[in-house]
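Tertiary structure, described
Below, each chain spelled out in residue letters.
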Protein chains: 4
Amino acid sequence: MTEAVHDVAHLGRVELLTPDLTASLGFFVDVLGMGEVERVGDSVYLRAWGDYERASLQLTAADRPGVGAIAWRTTSDAALERRVAAVEASGRGEGWSTGVAGHGRTYRFTDPDGHAMSVYYESLHFEPSGDRAPALKNQPERMSTRGVGVRRLDHVNVWCRDIDANSAYMADTLGFRVSEQVVGDDGRLVGSWLHVTPKSYDLAYGRVDPAGVGGRLHHVAFAVDAREYVMRAADVFLDAGVPIECGPAKHAVQQTTFLYAFEPGGNRVEIITDGRLLLAPDRPPVTWTIEERKRGQAWGTLMPDSWFTYATPPIETPQSR
Amino acid sequence: MTEAVHDVAHLGRVELLTPDLTASLGFFVDVLGMGEVERVGDSVYLRAWGDYERASLQLTAADRPGVGAIAWRTTSDAALERRVAAVEASGRGEGWSTGVAGHGRTYRFTDPDGHAMSVYYESLHFEPSGDRAPALKNQPERMSTRGVGVRRLDHVNVWCRDIDANSAYMADTLGFRVSEQVVGDDGRLVGSWLHVTPKSYDLAYGRVDPAGVGGRLHHVAFAVDAREYVMRAADVFLDAGVPIECGPAKHAVQQTTFLYAFEPGGNRVEIITDGRLLLAPDRPPVTWTIEERKRGQAWGTLMPDSWFTYATPPIETPQSR
Amino acid sequence: MTEAVHDVAHLGRVELLTPDLTASLGFFVDVLGMGEVERVGDSVYLRAWGDYERASLQLTAADRPGVGAIAWRTTSDAALERRVAAVEASGRGEGWSTGVAGHGRTYRFTDPDGHAMSVYYESLHFEPSGDRAPALKNQPERMSTRGVGVRRLDHVNVWCRDIDANSAYMADTLGFRVSEQVVGDDGRLVGSWLHVTPKSYDLAYGRVDPAGVGGRLHHVAFAVDAREYVMRAADVFLDAGVPIECGPAKHAVQQTTFLYAFEPGGNRVEIITDGRLLLAPDRPPVTWTIEERKRGQAWGTLMPDSWFTYATPPIETPQSR
Amino acid sequence: MTEAVHDVAHLGRVELLTPDLTASLGFFVDVLGMGEVERVGDSVYLRAWGDYERASLQLTAADRPGVGAIAWRTTSDAALERRVAAVEASGRGEGWSTGVAGHGRTYRFTDPDGHAMSVYYESLHFEPSGDRAPALKNQPERMSTRGVGVRRLDHVNVWCRDIDANSAYMADTLGFRVSEQVVGDDGRLVGSWLHVTPKSYDLAYGRVDPAGVGGRLHHVAFAVDAREYVMRAADVFLDAGVPIECGPAKHAVQQTTFLYAFEPGGNRVEIITDGRLLLAPDRPPVTWTIEERKRGQAWGTLMPDSWFTYATPPIETPQSR
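Because the structure is a prediction, the values reported are computed rather than measured.

**A word on the overall build of chain A**
Summing up its helical and strand segments, chain A has 6 helices and 17 strands in all. Since a compact globule built from 321 residues should have a radius of gyration of about 20 Å, the 19 Å found for chain A is in line with a globular shape. Seen along its three principal axes, the alpha-carbon backbone of chain A occupies a region of about 55 × 45 × 40 Å. In chain A, buried positions account for 63% of the 321 residues. In chain A, of all internal contacts separated by at least 6 residues, the share reaching a separation of at least 24 is 67%. Accessible surface for chain A amounts to roughly 10,900 Å². Of this, 50% is attributable to carbon and sulfur atoms. Side-chain charges in chain A split into 33 positive and 43 negative, and the spacing between the mean points of these groups amounts to 3 Å.

Listed below in C-alpha cells is the structure:
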C-alpha cells in the first residue's frame, strides 16, 4: 500500500465572479462581516477574521456570476514541486503565475471539468494592526462583530459532468481523499466530497451538472463556530434582505449544519458549522446509494428545487433560478 | 378602559390520549426525558424537570390519539371563583371535579369548539427527593439528562371551526390576551395565539379545522433553553427513530424556534424555544394578512402538507397523514 | 389571604450617571450595540433592539458614576393611580413630573435607601423606520448586529443599608414579590431579589452596603438570548478593551448566567441570560442561609473582591476599586 | 528546510489509573456518557460515541490515581516503523507489545520525564450494533444522551521536570509540532502545547512539576461540540455531585473553552471545546512570556491554587489537593 500524500494543506482562496461588484462587496463586508485587504485591477481581496493568510476571497467584476480560480496551499515548497510535477504529467497544467494579495508563485491548472485551480506555497500571513489587532496574540485578527462574522473560508462545492473523473483526478494528482460519496444505480458517482484536512471536506463535486455545462459553481462556504451561529446568520440574512434558499438544517451526508443564500452577484453562499474531525488515517469513504439519499437531509428538511438545479453561471433560460 | 384580568396564571396540565400507552410513555420518558409521577386508572402522570407542579402531562389510554383535558391554573382561589362564575355565565360550564395528581378542586368546561378545559387553583408543588433532588434548591427537580431533557410544558395548539368565537371566548371568559393573529381576506380569523403569561403564547387556535371536526389537537409543546437544544432534540429524534415532521426552524408568527415530531400514539409534539418576553401591558395584537403569511416561515422553511392537514384524532381516510 | 397586586408591569428605564458621557455612550452603542434615540439636556436616551418602548437607558453626564432614576411602568393608568396613592401614603412620594423620551406623566419617589424611582403608565412604543425596521413586524426593531447586540434591559441591582426595609417597601407599596433572599445569622436579610414579571428578578437589593452609604448601584443588566451569547459578549469585551470583572458563570441564587464588566464611566454592567420563568402564583421565596451562600456560585466560580465591595458612586478612598 | 513529518495521526487512547475502579467507571459511563467496550484483567475499556476506534480510554485499578499508557496512532504501518526506528535511536524504546482492545502491535517507550507512551497503527474501527447503531452511517455510534455525552477523546496534559527536553523529544522523535509555548525569564520553557492534528493541541506539557516528580498527569480532556455544552457539562456535574475545580471559562493560551473537574479516582478531567483549526503548514509557535501569562485566562477568570499544584499521583502531604 502506498502511503498517503500530505502535500496539499488546505483551501487557500476562492475567486468569485460577480456582475455587481459593489453589491457583492457590500454583502461580504457588511453582512458576512469579512474585511477588505486590497484591490488589484478588477478584483477586491477579502478575508475572514480567523483566516491566517492575507486574503481568502477574491471578488472579481465579470459579466456573469461564477467561480474563478480556486487556490490550494501546499504543505511546503517541495510539496508544491511534487504537485506541479504531477499536474504537468496529467497534461492539465497551465504554467506559473506571479501570486497576488500575499501569495507567492502559483501554478495554474484545471480539473477535468475545467474549473480553474492553482497551487502555491509561499503566503504572507495577515498582520493585524490598529482596530484589527486582537486582544489575544494567537488569533489572526480581532473577531468580526459585523453581521454574521464568519470565522474562515471553509470549502467550495462545484458541479461537473463526470464526477468519477474529477474526483479521481484530485485524489491521484493532488492527494485529496474521498470522505463521502454517492453512487448512482449505474455505479458511477453522483456526488463526491474530498478533503486534505481533517475537516470532513474541503472540496465537493456535489452533483453531475444537469445542464451539462462545465466549470460551474454550486457554492462557496464560510464557517462559524457553532450551530447557534448558523441560526443567527439566518436572522441576519432575514433583516438584511438576503435571499435565503434553505436551512439552517443538517445534511445527512457529512452531517454539516448548513444555511444557503444568494449573494447579490447571484452566487450561492453557504454558512456552515461542523462538529466532526476525520482523524482516522484509514477511514474508507462512506458510500451512499441513491436509495439512501432519498431519505434526504438528516432531519428530513425539504429542499427547494433551486438547490438541485441552480449553479453559477446560471443557464440562460427564462425559468432559470 | 377596563383593566386586564390577571386570573389565569399559566397552562398547568395537558391530557394526551394515546392508542399505545406503553409506546407513548416510552417516548415521553426515554426520548423527551420526562419523569413519571404517578398512575391513576388508565392514566400515567408525567412532569418535565423544570415544572414546579407535580405533573404537567397526563397520558391516557384511548382508542384514538387526541387531546383530553387542558387545565389552567388560576392566580388565586378568588380568581378561580371569578373565572368559574364567568364560565358558568357563558353556559359552557360542566361542574366541579376532584383534582388528581396534585391538583385540588377543578372546574370543567369546554371552549366553543368542544375542547375539554378546566381551571383549578390548589396544586401541590413537586417535592424532589433521592435521585431527583437538585443541587440547587431553587430548582424543582434535578435537570433531566435523558434524551431531549425538556424543561417544561409550554403551550397547546388546537384547531377549531370558528377561531373568532373560540379566541374571543378565552379572552372574555378567562382573561387571555391575543398576542398575534392571522386575518383572512373575509376579515375572519384564521389563526389566533393567546397568552396569560409574558410568554408569547400559552394557547393557540392555529388553524380553522379543514375537516370541520371539533376538538382536535395540532400539537402540545415542551420548552428547552436555547435554539441549540432544539437542534439537539432533532438529533435525538433521528437516532431514536422518532418521525420528524419539520424543523428545527423559526416561525415568522411569534418567532419561536420549532421542531415538530410525532409521538408513537400519533399526536404531534413540538420542541420549542422562545427568546421573547411580551412585557408591554398595552401591546396590541400583531395582525398578519393572508398575503403576509404567504411569505411562510421566518427563514422560508418549506413545510410539509401534513403540518397543515393533520390533527388528532386523525380523520379516518386512507390518505390521512 | 389578600390577592397579589399586578400593578407594576416591568422595569422601564434606568438612568446611569457618568463622568465621561462620550466614552459611556461609545460603550453602550458600539460595544453593547444599543441605539441612540434622542438627546435632552445632559442626557442621551438609548434602547436595546428588543425593547418595545422608545428608550430603556438614560445616560446623564455627572461628576460621579451612579444610578439616577429607576422607572417602573404600571399595567394601566388606574394601576398607576393606585401605586401613587400607596407611595404617597408611605410618605416617600416626591410628586409628578412630565415624562421624557416617550414616557407620559411620571410620579417620583425614593425607596427607603434613597434610590430615585418613579412610576408611569403612558409610554410611546418605538416605531422603527429605515435601517432600523425589522423584517418581521412582531419585532420592535431590527436585531442589532453591533458588538454584543443586547436584546433588552433586564434588571437593576442596588445596594442599601437595610434590605428588610427596602425589600418590604417595594413589596408592600409597589406589589413586588420576593423570589429569592439570603438571610443572615441574625435573621435579617442580606440580599433580596424581587420581581413583577415571571423573570426571576427585576430588582435586587444585592448586599447591605458595606460602606453604609445610601443610594448606590451594584449593576444594571441587559439580557441576551442564550448562554453562548454571554460568552460571545466576553469575547467582544476582550477585544474592545472593556474591563471584565468576572464571568461568564452561573449564579447559585437565581441560576442566571452572568458576565460583569465596567463601562467607561465606572458603572458595573451585567450581561445576563436566564432560562427560568417563575410562573407559580404561590411560589414562596427561596431563602438561603449564610452557610449555604458560602458554597458560592453554582459552579464554584471564584469572585474577585471588587464584586463584593465596589458600587457606584465609589467611596473615595485610595483603595477603592 | 526539512519537510514536516506526518507520521503520527492522533491520540488514540489514554490509560487512567484509579484507586476506585467502580466509582471511576460510574463517572465515565453515567456522568460523561461514555460506553463500555470490554474488560481485560484489571482494566475496563471505554469509548466516546464520536471516537472511531474501539476504545479511547482504559481505566485500570491501581493504588493511586495517575496516567498509564498514552497511545498514539500512526498514519500508516510504514510510519509506525519510522517512528519506532526514531524512538529506538533515542534509547527510550521499550519494545513491542501485543495490542489490546482493538489495537494491533504496539511499541512502548517513555518520554524523557517517564510518561509511558506507545505507538501503533493497526486498529479495529468500532462497529456499532443494536442500540448503539446510529441513524446516519457516517457516525461511529449513536450519539450518547447520557449525562455530558462527550464526543471524543481530545488531549492529554502532563507535567514534567524539563519541558524543553520533553517537548523537543516529542517533536524530534515523533514529529509533533509546537503550537504554543510559554517561556520563562531564564529562557526555558514553562509550558508547551504540541499537535499532530490541526486541533490546537493533542499533548501538553502544561507546567514544570513543582514537586519535581516524574510522570504525573494534569488532566485528560474530552471534547464536546460547542461552548453551550461545556456549560451544560457543569450543570450535569453540579447535580451529580462531581467536584468542579474551575470553569467553564476560556484559556488565553489556545483559546479553548474549559471545565475542570475530578473523577472519583482523583484524576482531573477536562471538558473542552475549540473553535480553531490550525491549518497553516508554516505557523510558528505562539510564544508567551511570563509577563503576558500574568494576565491570566482570556476573560480574567480566577483559577484556584489546586489547578497549579495538583497532579496525579498526588504528593502525599497533608495539604495535598
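Picking up where we left off.
**Comments concerning the interface of chain C and chain D**
The partner chain D presents 17 residues to the 17 residues of chain C that form the contact. If you look at where chain C meets chain D, you find 6 salt bridges. With a closest N to O distance of 2.9 Å, aspartate 235 of chain C and arginine 227 of chain D form a salt bridge. For the pair chain C and chain D, the number of links is 8 residue pairs in polar contact (both at pLDDT 80 or more). At the level of elements, helix 4 (227–240) and strand 14 (244–250) of chain C are the ones that each hand at least two residues to the side of chain C that touches chain D. A per-element tally of the side of chain C that touches chain D places helix 4 of chain C first, with 7 residues. Of the residues belonging to the side of chain C that touches chain D, the class tally is 10 nonpolar, 2 polar and 5 charged.

**Remarks on the packing of helix 4 (residues 227–240) of chain A against helix 4 (residues 227–240) of chain B**
Packing of helix 4 of chain A against helix 4 of chain B leaves a shortest axis separation of 9 Å and a crossing angle of 115°. Helix 4 of chain B is crossed by helix 4 of chain A, and the crossing has right-handed handedness. Where helix 4 of chain A approaches helix 4 of chain B, its residues Arg227, Glu228, Met231, Arg232 and Asp235 of chain A are matched on the opposing element by Arg227, Glu228, Met231, Arg232 and Asp235 of chain B.

**Brief notes about the sheet that holds strand 17 (residues 286–289) of chain C**
Residue and element names in this part refer to chain C. What the 9 strands build is an open sheet, ordered 14-15-16-13-9-12-11-10-17; its pairing is mixed. The sheet terminates laterally at strand 14 and strand 17, the two strands that pair on one side only. Strand-to-strand twist in this sheet, taken as the mean axis angle between neighbours without regard to direction, amounts to 15°. As paired elements, strand 14 and strand 15 (residues 257–262) share 4 bridges and run antiparallel to each other. Bridge assignment links alanine 249 to a residue of strand 15, and that residue is phenylalanine 258. Against the sheet, helix 4 touches strand 14, strand 15 and strand 16 (268–273), its axis set at about 20° to strand 15.

**A look at the relation of the copies chain D and chain A**
Between chain D and chain A, which share one sequence, the superposing operator has a rotation angle of 180° and an axial displacement of 0.0 Å; the RMSD is 0.0 Å. Each copy turns onto its partner about a two-fold axis. Relative to the rotation axis, the closest C-alpha in chain D is found at alanine 226 of chain D, a distance of 3.0 Å. Of the interface residues in chain D, 100% have counterparts in chain A that sit at the interface too, so the contact is made through matching surfaces.

**Things to note about the packing of aromatic side chains**
Residue and element names in this part refer to chain B. All chains considered together, the criterion is met by 42 aromatic pairs over all chains. Ring geometry for tryptophan 307 against phenylalanine 308: centres 5.2 Å apart, planes inclined by 90°, an arrangement best described as edge-to-face. What makes tryptophan 307 buried here is its relative accessible area of 13%. The class for phenylalanine 308 is partly exposed, based on a relative accessible area of 30%.

**Let's talk about the packing of helix 2 (residues 77–90) of chain A against helix 3 (residues 163–174) of chain A**
All names here are of chain A. Following both chains from N to C, one finds helix 2 and helix 3 inclined at 135°, their axes separated by 9 Å at the closest point. Between helix 2 and helix 3, the crossing angle belongs to the class labelled oblique. Across from Arg83, Ala86, Val87 and Ser90 in helix 2, the residues of helix 3 making contact are Tyr169, Thr173 and Leu174. Taken together, the residues that form the contact of helix 2 with helix 3 break down as 4 nonpolar, 2 polar and 1 charged.

**Re the sheet that holds strand 10 (residues 177–183) of chain D**
Residue and element names in this part refer to chain D. Across the sheet, 9 strands lie side by side as 14-15-16-13-9-12-11-10-17; this open sheet has mixed pairing. Looking at the sheet topology across the chains shown, the edges are occupied by strand 14 (244–250) and strand 17 (286–289). Here the strands of the sheet are splayed against their neighbours by 15° on average, with no regard to which way each runs. Strand direction decides the pairing type here: strand 11 (residues 189–195) and strand 12 (residues 203–208), joined by 3 bridges, are antiparallel. In the sheet register, leucine 194 faces strand 12, and the bridge partner there is leucine 203.

**Quick word on the side chain of glutamine 254 of chain A**
Position of glutamine 254 of chain A relative to the elements: it lies in the loop between strand 14 (244–250) and strand 15 (257–262). The buried category is assigned to glutamine 254 of chain A, whose relative accessible area is 0%. The residues touching glutamine 254 of chain A, leaving out its near neighbours within four places in the chain, are Ser179, Glu180, Trp193, Ser200, Tyr201, Asp274 and Arg276 of chain A together with Asn138 of chain D.

**Comments concerning the pairing of strand 4 (residues 57–61) of chain C**
Residue and element names in this part refer to chain C. By the criterion of burial, strand 4 is predominantly enclosed, with 4 of the 5 residues buried. Alignment of strand 1 (residues 8–18) against strand 4, held across 5 bridges, turns out to be parallel. Along strand 4, the bridge assignment pairs threonine 18 with alanine 61. Pairing of strand 3 (residues 43–47) with strand 4 involves 4 bridges; the strand directions are antiparallel.

**With respect to the interface of chain D and chain A**
Counting residues at the interface gives 46 residues for chain D, matched by 46 residues for chain A. Each partner contributes to the roughly 3,600 Å² buried at the junction of chain D and chain A, and carbon and sulfur atoms together form 57% of this total. The largest share of the area that chain D buries against chain A comes from Lys137, Asn138 and Leu279 of chain D, three residues that together contribute 18% of it. At the surface where chain D touches chain A, the tally comes to 6 salt bridges. Across the pair glutamate 292 of chain A and lysine 137 of chain D runs a salt bridge, and its minimum N-O distance is 2.9 Å.

How each quantity is defined
Residues numbered from 1 in each chain as written. Chains lettered and ligands numbered in written order. Predicted model: local features only at pLDDT ≥ 70, side-chain atom pairs only at ≥ 80, totals over all residues. Heavy atoms only, no water. Helix = DSSP H or I, 4+ residues; strand = E, 2+ residues; numbered from the N terminus. Rg over C-alpha atoms; globule rule 2.2 N^0.38 Å. Buried < 20%, exposed > 50% of the residue type's maximum accessible area, 1.4 Å probe, protein only. Contact = heavy atoms within 4.5 Å. Areas by Shrake-Rupley, 256 points an atom, 1.4 Å probe, with all protein chains shown as cover. Lys, Arg positive; Asp, Glu negative; His and termini not counted. Charge placed at Lys NZ, Arg CZ, Asp CG, Glu CD. Salt bridge = Lys/Arg side-chain N within 4 Å of Asp/Glu carboxyl O. Polar contact = N/O pair within 3.5 Å; in protein donor to acceptor, adjacent residues only side chain to side chain. Nonpolar A, V, L, I, M, F, W, Y, C, P; charged D, E, K, R; others polar. Axes fitted to C-alpha atoms, helices over the stretch in contact; angles between N-to-C directions. Left-handed = near helix turned anticlockwise from the far one by under 90°. Pairing = 2+ DSSP bridges. Least-squares fit on C-alpha atoms with pLDDT ≥ 70 in both. Phe/Tyr/Trp six-rings, centres within 6.5 Å; stacked < 30°, edge-to-face > 60°. Parallel < 35°, antiparallel > 145°, perpendicular 65-115°, else oblique. Buried area = accessible area lost by both parts, 1.4 Å probe.

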